[in-house]
Amino acid sequence: MQQAVMSKFLSFIEPLITAILGRYIEGDIAKCLLFHRWGIEFKSENVKLKDGALDELGLPIRIDKGFLNLLHITITYTFRVEVNVSGFFLLLSPQHSHKHFDKKSNDRQQNAIKRAKLNRAEQRMLETEWKFLSSSMGYGELFVRGVLKYFVRNLIVNVSDVHIRYQDVTTIPRHSFVFGVTVKKMTVRNTADEDDDDDKED
């Protein structure tokens, strides 16, 4: 019975992980997935970021170069997700210059922003006016939505050795503008469950 449940879980979670990571990084994601008795592991070195990885932010910037020395993700069957990033390098520049408007980049960004807005709007509607549709959803779709909900509630992100550099050599000719940010180590932890526990104690 347990093996059957795990197989069902894997059949839904593998394409979900591939789809999410595939929006931001290049390479064959499926080859880097490892399946264990305790959950799923993704581990890849020298990961290259896609040119449109930041498009959803809607900022007038582009990625000239972006890579991660190591991206390691573990997902347990209790939906605990831990993301470890080591050696994050990002080189940014203006999306457009005073001489050139990058239409291809602009169109890609606008499409990404629209998709993100539509996804958020759909999620809000499913939680309010369209809540009755949940009863007609298939098991697979309900399962995936449940997984995503628990992922957000049980997420830990550890990032180390971050170097972000922005350089603008086109906006004002012969007057370059450069600045950078470095972070030695940073941890982001969702405290939703801890807050819930505190409320129960009160």
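Residues numbered from 1 in each chain as written. Predicted model: local features only at pLDDT ≥ 70, side-chain atom pairs only at ≥ 80, totals over all residues. Heavy atoms only, no water.

K.L.:
Honestly, the packing of aromatic side chains in this entry has me stumped. Any pointers?
P.N.:
For the coordinates displayed, the defined rule picks out four aromatic pairs. With 5.5 Å between their ring centres and 35° between their planes, Phe-67 and Phe-89 make a pair best called tilted. Taken together, the residues Phe-67 in strand 3 (residues 61-76) and Phe-89 in strand 4 (residues 81-94) connect sequence positions 22 residues apart. When the ring of Phe-177 is compared with that of Phe-179, the centres are 5.8 Å apart and the planes differ by 50°; the resulting orientation is tilted. Overall, Phe-177 belongs to the partly exposed group, its relative accessible area being 47%. A residue is classified by how much of its surface remains accessible, and Phe-179, at 43% relative accessible area, is partly exposed. (Phe/Tyr/Trp six-rings, centres within 6.5 Å; stacked < 30°, edge-to-face > 60°. Helix = DSSP H or I, 4+ residues; strand = E, 2+ residues; numbered from the N terminus. Buried < 20%, exposed > 50% of the residue type's maximum accessible area, 1.4 Å probe, protein only.)

K.L.:
Quick question: what am I supposed to make of the environment of Lys-185 here?
P.N.:
Structurally, the position occupied by Lys-185 is in strand 6 (residues 177-189). Its relative accessible area of 67% is what places Lys-185 among the exposed residues. As a C-alpha pair, Lys-185 and Ser-160 span 25 residues in sequence and 4.2 Å in three-dimensional space. Leaving out residues up to four positions away in the same chain, Lys-185 has contacts with Val-159 and Ser-160. (Contact = heavy atoms within 4.5 Å.)

K.L.:
How do you make sense of the sheet that holds strand 2 (residues 39-48) when you look at a structure like this?
P.N.:
Sheets are built from strands that pair by backbone hydrogen bonding, the pairs being arranged parallel or antiparallel. The sheet built from six strands is open, its strands ordered 1-2-3-4-5-6 with mixed pairing. In this open sheet, the two edge strands, each paired with only one partner strand, are strand 1 (33-35) and strand 6. The mean inter-strand angle of the sheet, taken between neighbouring strand axes irrespective of direction, is 10°. (Pairing = 2+ DSSP bridges. Axes fitted to C-alpha atoms, helices over the stretch in contact; angles between N-to-C directions.)

K.L.:
Would you explain the environment of Gly-27 in this entry?
P.N.:
With respect to the element layout, Gly-27 can be found in the loop between helix 1 (2-22) and strand 1. Classification of Gly-27 by relative accessible area gives exposed; the value is 62%. Each C-alpha atom, one on Gly-27 and one on Leu-49, is 9.5 Å from the other, the two residues being 22 residues apart in sequence.

Remember, this is a structural readout, not a statement about activity or role.
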